[in-house]
Amino acid sequence: MLNHTSVTEFLLLGFPSLHHQQRLMAITLLASHLVIFVGNLLIISLLLAERDLYRPMYFFLCNLSCLEIFIATSILPKAIGNLLMGSKAISYPGCLTQCYFYSLLGSIEFVLLAVMSYDRYVAICHPLQYPMLINSQLCLQLLLGSWAAGFLATVASAVLVARMPFCNANRIDHFFSDTNSALLIKLSCAETQMVELIPFVASSIILLGSLGMTAMSYLYIMNTILRLPSASSRHKAFSTCSSYFTFVILGYGSCIFMCIQPSSHHISYNKAVALLNTLVAPLMSPFLFSLRNQMMKGALKAAWKRRVINFVVV
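Values in this document were obtained by computation on a predicted structure and should not be read as measured data.

> Is there a simple way to explain the overall build of the protein chain in this structure?
A count of helices and strands for the protein chain gives nine helices and three strands. Across the protein chain, helices and strands are ordered from the amino to the carboxyl terminus as β-α-α-β-α-α-α-β-α-α-α-α. A buried classification covers 47% of the 314 residues belonging to the protein chain. Expressed as a percentage of contacts within the protein chain between residues at least 6 apart in sequence, the contacts between residues at least 24 apart total 79%.

> Explain the environment of valine 7 here, please?
For valine 7, the location among the structural elements is in the segment before β1 (9-12). The class of valine 7 is buried, set by a relative accessible area of 9%. Residues valine 7 and serine 91, spaced 84 residues apart in sequence, show a C-alpha to C-alpha distance of 9.1 Å. Ignoring sequence-local partners within four residues, the contact set of valine 7 consists of Tyr92, Phe166, Cys167, Asn168, Ala169 and Asn170.

> I'm lost on the packing of helix α1 (residues 22-49) against helix α2 (residues 56-85) in this one. Help?
Helix-helix packing is characterised by the crossing angle of the two axes and by the distance between the axes. Two elements in contact, α1 and α2, have axes separated by 9 Å at closest approach and are oriented at 160°. On the basis of the axis angle, α1 is roughly antiparallel to α2. Here the hand of the crossing between α1 and α2 comes out left-handed. Its residues assigned to classes, the contact of α1 with α2 comprises 22 nonpolar, five polar and two charged.

Analysis parameters
- Residues numbered from 1 in each chain as written.
- Predicted model: local features only at pLDDT ≥ 70, side-chain atom pairs only at ≥ 80, totals over all residues.
- Heavy atoms only, no water.
- Helix = DSSP H or I, 4+ residues; strand = E, 2+ residues; numbered from the N terminus.
- Buried < 20%, exposed > 50% of the residue type's maximum accessible area, 1.4 Å probe, protein only.
- Contact = heavy atoms within 4.5 Å.
- Axes fitted to C-alpha atoms, helices over the stretch in contact; angles between N-to-C directions.
- Parallel < 35°, antiparallel > 145°, perpendicular 65-115°, else oblique.
- Left-handed = near helix turned anticlockwise from the far one by under 90°.
- Nonpolar A, V, L, I, M, F, W, Y, C, P; charged D, E, K, R; others polar.

As structure tokens, then:
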């Protein structure tokens, strides 16, 4: 069936209650986007420059930082532009593109979080076997598997939404386009039940599957940490995982809330939680994974000292 869409653009209603603070909202989002971009780029640069950080844990962290930049960039520039220009429009192709990449990158991130939890499980529960079990080949396979899982979970719903006809309604009560919220799908003038079901099932599999693996890994980790003989060993092991655990709670907690809330009710709450998931979590990522990690702080200090010495010598 061909797509007989007559709609050429959609209107993102955003936050109507903050109509008089649009410029302030735009400046806040712009500042947040810059912090997300610069902070995660700093982590990526540090991980690539410091050979002491060439370890599986930091390989996955580097890819997580890339995803945080991609996710924020898929949403925030358009939202900032609309706020500054006083516009709410997003083109039909732009809307579908934003939908797909947000769903794709979010799915990849959840699978990657599960992979990272498995890495921490092996490192803490089986430290002697860790170099043999988590090698560079397996790391690459797990990363490619994360991207493949994200692609398979989102490609079917993307194709179905792209083939749906949109006739007259074009107002999306959100600040970005997202197929998982069903706000876009409900605007179609065709039967939407099956198209709504497929993204829900796919996102549930990714969310609950990765959450189950992550929770199981951390249960084993906590059990192992509590059995360590000395308090210093327990503190060191817990500090290694605390940043991941905090980030996991932010990511999974916000997404589970959006899944269990009906899309037609509590829309303002869903927007706030979506803002938490797309802005606050990526904003906290550089601080969680750098300032609370001893090796990252040591590498950052060493890199800073080298820059100071080179500057003085020059």
